[in-house]
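Observations on chain architecture
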Amino acid sequence: MCVPTCTAPWAACLRMAHSADFSLRGRRCSMHLMAKATSSTWSCLSSSSPAHISSNPYARFQLSPRGRHQMKTHPLRFRGCGNEALCSFKCLQMETPRRRRSSPPTASTPSSEAPQAAQDTMVRRVAVVGAGISGLAATKCCLEEGLEPTCFEQSEDIGGLWRYTEKPEEGRASIYRTVFTNSCKEMMCYPDFPFPDDYPNYIHNARLHKYIRDYAQHFDLLRHIRFKTTVTKIRKRPDFSATGQWEVVTRSDGKEEAAVFDAVMVCTGHHVYPNLPLAHFPGIEKFKGCYLHSRDYKEPEKFRGKKVLVVGLGNSGCDIAVELSTVASQVYLSSRRGSWVMSRVWNFGYPWDMLLITRFWTWLDNFLPKAVSDWLYVRSMNQQYKHEDFGLMPVDGSSRREPVLNDDILSRITCGVVLIKPNVKEFRETSVLFQDGTVQDDLDAVIFATGYSHSFPFMEDESIIESKNNEATLYKCIVPPKLEKPTMAVIGLVQSFGSAIPTADVQCRWAVKVFQGLCTLPSVNEMLEDIEEKKRSKIRWFGTSNTLQTDYITYMNELTSAIGAKPNVLKLLLTDPLLALKVFFGPCTPYQFRLTGPGKWSGARKAIFTQWDRTLKPTRTREAPPATSTLPSLLVLGMLLIPLLLLLTVLY
């Protein structure tokens, strides 16, 4: 038996005569107490593994009272088994004494206009919409913090975008059979669950889906998912301004069911609703060939021997054009504004993102004058070939719009099986007229790789998540700013140079801290001003505000700083200098965001030190001798030639 002794005067708020259940959850342990309040002392009747409590600075008591009472956080010193830990004790109180709070990490300084914080109501039950990569991260983060998530997935399996099906399914993202990842495995894994060593650096969708399933099984997430259950409506409860609760209506097997949740995490992604702007393509209704959106494309065989036009120079457009070029008689790839095209294999044969996505390059990009930064950016993009020679040069070359990752498009253009064309001006019955006046006759099919729009049809009040022109009004790209209680989070509605998986993981950790009141939001006006500032920044860097793009490391730093999980490079330089150098100059792998703070993973440091080993292992499948250097031979030859040249100079 061990007795926690309170160091704060809370006898006044412990006047009650009924029992309550507590659960204390640390990062590596779970303690369950049955306690009875008598005065300011609580007797611990049973416990297990208390020795690890001190390892988690966010360990806390959570109280589930039988009645409706206010909750308050008090500092508690826990003594027992030779261990001491400071944690937050949420105690039951029958009256409202003067508020005293610890100082949790905050997103910014709250003002008098700030919305009512989530800590005034206890968030326990969380609805997660979607069981893709974001939904699984949300479910796991809720479990880490002692919450009770219920994940609703309308299909029969997890994986979202990365679960391939022979035919597109309504309300789900869809991919073609040959999709590979554009981020390497070390840059796109869940931060506390690295890919197996023998996985290739760039992964086919089937292998990635297996990894996602392994992740869900490893952290026991599947039992929290309700499959074949569609969320049809999400609405505020009548007392939302006081409780922050939501009513979630679902449909399964033809039956509708409503349930109340303390918070909602929307994880439906942004590759579900195809953007097919036919109004921008005059004459398409007269075209006698077939046309479809890239969402409906699965494999190239049906286009064998045909002339195909692919509209859109993005990742999907390039992939499809390259694949079609192996069977079609001719492929035309139309682009309105061009794009930078990169290979997955970068300098010295290493993955592009392991070399380019580093804290050092991000710091340098922000430190240098924009003109110099733009010059370096264009130079790096053109270092392997001149984009203008292939008709690929972007209209705004200095724009940081997301580049296309494709290893084969240049060879296809060089071989003449793919022709780059300007934007379409008009379609005719069997031909197409381009903006430069050229006409291509005998066209058989058109594939529109024109992207996606995002929508939230289950929201009863559509104004909660304001969205238009491919941009959403969300604070930190997560929280609707005008809610009376910040108990809704939209996860994954952001696009960056980095991978979606670690981004979603950090978003979920930040959102859960907001739900718990451990990360305080600023006022509504301040949040709206921050959103507008981000739009202005997008125009500066990406040329438009109508985009989900953001700078990866800058964005991740914002979120992790707010929850105390950002690695402190200067501190590491003093305590662990080798790790500091790897963190700052090396690839910004997801493990960095689990080095410290809530959700700290004990294996993060080792994962960082071994990341290059896992990168090289899948390609070193044959034992080969090291390359011999010709430099010594050249030096010897040069030393022999110098006297000879001097002699020839004297003689002649």
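Residues numbered from 1 in each chain as written. Predicted model: local features only at pLDDT ≥ 70, side-chain atom pairs only at ≥ 80, totals over all residues. Heavy atoms only, no water.

What about the pattern of salt bridges?
- Scanning the entire structure with this criterion turns up 31 salt bridges.
- The residue Lys476 makes a salt bridge to Glu558 at a minimum N-O spacing of 3.0 Å. Within this pair, whereas Lys476 is found in the loop between strand E27 (471–472) and strand E28 (488–490), its partner Glu558 is found in helix H12 (residues 552–563), the two being separated by 82 residues in sequence.
- Of the charged contacts in the structure, one is a salt bridge between Asp505 and Arg509, with a shortest N-O distance of 3.7 Å. Of this pair, Asp505 and Arg509 both sit in helix H10 (residues 500–516), 4 residues apart, which is roughly one turn of the helix.
- Residue classification places Asp505 among the buried positions, given a relative accessible area of 0%. (Salt bridge = Lys/Arg side-chain N within 4 Å of Asp/Glu carboxyl O. Helix = DSSP H or I, 4+ residues; strand = E, 2+ residues; numbered from the N terminus. Buried < 20%, exposed > 50% of the residue type's maximum accessible area, 1.4 Å probe, protein only.)

Quick look at the layout of surface pockets
- Its volume calculated, the second largest pocket comes out at about 1,100 Å³.
- Lining the second largest pocket are 40 residues; nearest its centre among them are Trp361, Asp365, Arg400, Phe497 and Asp551.
- Residue composition of the lining of the second largest pocket, by class: 18 nonpolar, 11 polar and 11 charged. (1 Å grid on protein atoms, 1.4 Å probe; cavity = no way out; pocket = protein on both sides within 12 Å on 5 of 7 lines; lining within 4 Å. Points joined across faces, edges and corners; volume = space filled by probe spheres on them. Nonpolar A, V, L, I, M, F, W, Y, C, P; charged D, E, K, R; others polar.)

Re the side chain of Asn201
- One can find Asn201 in the loop between helix H2 (185–188) and helix H3 (205–218).
- Note on Asn201: relative accessible area 10%, which makes it buried.
- Side-chain polar atoms of Asn201 contact the backbone oxygen of Thr615, separated by 3.0 Å.
- Ignoring any residue separated from it by four or fewer positions in sequence, one finds Asn201 in contact with Ser183, Cys184, Lys185, Pro351, Arg614, Thr615, Pro618 and Thr619. (Polar contact = N/O pair within 3.5 Å; in protein donor to acceptor, adjacent residues only side chain to side chain. Contact = heavy atoms within 4.5 Å.)

Focus: the nonpolar core
- Of all hydrophobic cores here, the largest spans 108 residues; its most connected members are Met265 and Trp510.
- Among the elements that make up this core, the one with the highest residue count is H10 (9 residues).
- The contact partners of Met265, leaving out residues within four places of it in the chain, are Val126, Ala127, Val128, Val129, Ala138, Cys142, Ala489, Ile491, Cys508, Ala511, Val512 and Phe515.
- Counting residues in hydrophobic clusters, the runner-up holds 21 residues, among them Phe240, Val248, Phe261 and Val264. (Core = buried A, V, L, I, M, F, W, Y, C linked by side-chain atoms within 4.5 Å.)

Structural notes on the packing of H10 against H12
- Contact geometry for H10 and H12: axes closest at 9 Å, N-to-C directions at 30°. Comparing the axis directions of H10 and H12 gives the class roughly parallel. Seen along the crossing, H10 lies across H12 with a hand that is left-handed. For the pair H10 and H12, the contacting residues are Pro502, Thr503, Val506, Gln507, Arg509, Trp510 and Lys513 in the first and Tyr552, Tyr555, Met556, Leu559, Thr560, Ala562 and Ile563 in the second.
- For the contact of H10 with H12, the per-class residue count stands at 9 nonpolar, 3 polar and 2 charged. (Axes fitted to C-alpha atoms, helices over the stretch in contact; angles between N-to-C directions. Parallel < 35°, antiparallel > 145°, perpendicular 65-115°, else oblique. Left-handed = near helix turned anticlockwise from the far one by under 90°.)

Points about the packing of aromatic side chains
- A complete count under the given rule lists 30 aromatic pairs for this structure.
- Geometrically, the ring pair formed by Tyr190 and Tyr211 is stacked, given 6.1 Å between the ring centres and 25° between the ring planes. A residue pair is termed long-range when its members are at least 10 positions apart, and Tyr190 in the loop between H2 and H3 and Tyr211 in helix H3 qualify at 21 residues. You'll find Tyr190 and Tyr211 in the same group, each marked buried.
- Their ring planes at 45° and their centres at 6.4 Å tell us that Tyr591 and Trp601 sit as a pair that is tilted. Note that Tyr591 is positioned in the loop between helix H14 (577–585) and helix H15 (604–609) and Trp601 in the loop between H14 and H15, a separation of 10 residues in sequence.
- Cluster of aromatic residues (ring-pair linked, three or more members): Tyr190, Phe193, Phe195, Tyr199, Tyr211, Tyr215 and Phe219. (Phe/Tyr/Trp six-rings, centres within 6.5 Å; stacked < 30°, edge-to-face > 60°.)

Quick notes on helix H5 (residues 315–324)
- The buried count for H5 comes to 9 of 10 residues, which makes it a mostly enclosed element.
- Residues Asn315, Gly317, Cys318, Asp319, Ile320, Ala321, Val322, Glu323 and Leu324 constitute the buried set of H5.
- Summarising the contacts, the buried residues of H5 are in contact with strand E16 (307–311), strand E17 (330–334), strand E19 (404–405), helix H9 (409–414), strand E20 (418–421) and strand E24 (445–448).

Considering a nonpolar patch on the surface
- On the surface, Leu570, Leu573, Leu578, Leu581 and Phe585 cluster together into a nonpolar patch covering about 520 Å² of accessible area.
- At the level of elements, helix H13 (569–575) and H14 are the ones that each hand at least two residues to the nonpolar patch.
- Of the residues forming the nonpolar patch, the biggest block, 3 residues, is contributed by H14.
- In this fold, Leu581 is placed in helix H14. (Patch = residues over 30% accessible without salt bridge, like charges linked within 9 Å, V, L, I, M, F, W, Y side chains within 5 Å. Areas by Shrake-Rupley, 256 points an atom, 1.4 Å probe, with all protein chains shown as cover.)

Quick look at the pairing of E16
- Counting buried positions along E16 gives 4 out of 5 residues, so the element sits mostly inside the fold.
- As defined by bridge partners, E16 adjoins E17 across 5 bridges and the pair is classed as parallel. Opposite Val310, over in E17, you have Leu333 as the bridge partner.
- Assessed by its sense of winding, the connection that carries the chain from E16 through H5 to E17 is right-handed. (Pairing = 2+ DSSP bridges. Right-handed = clockwise from strand over helix to strand, strands pointing away.)

Some words on the sheet that holds strand E23 (residues 439–440)
- The sheet built from 3 strands is open, its strands ordered E21-E22-E23 with antiparallel pairing. The sheet is open, and its two edges are formed by strand E21 (424–427) and E23, each paired on a single side.
- Relative to E23, strand E22 (residues 432–434) runs antiparallel, the two sharing 2 bridges. The partner of Leu433 across the bridge, within E23, is Val439.

Some points on the environment of Thr615
- Inspection of the secondary structure puts Thr615 in helix H16 (residues 611–616).
- A C-alpha to C-alpha distance of 8.5 Å links Thr615 and Cys184, two positions 431 residues apart in sequence.
- Setting aside anything within four residues of it in sequence, one finds Thr615 in contact with Glu186, Asn201, Pro351 and Met354.

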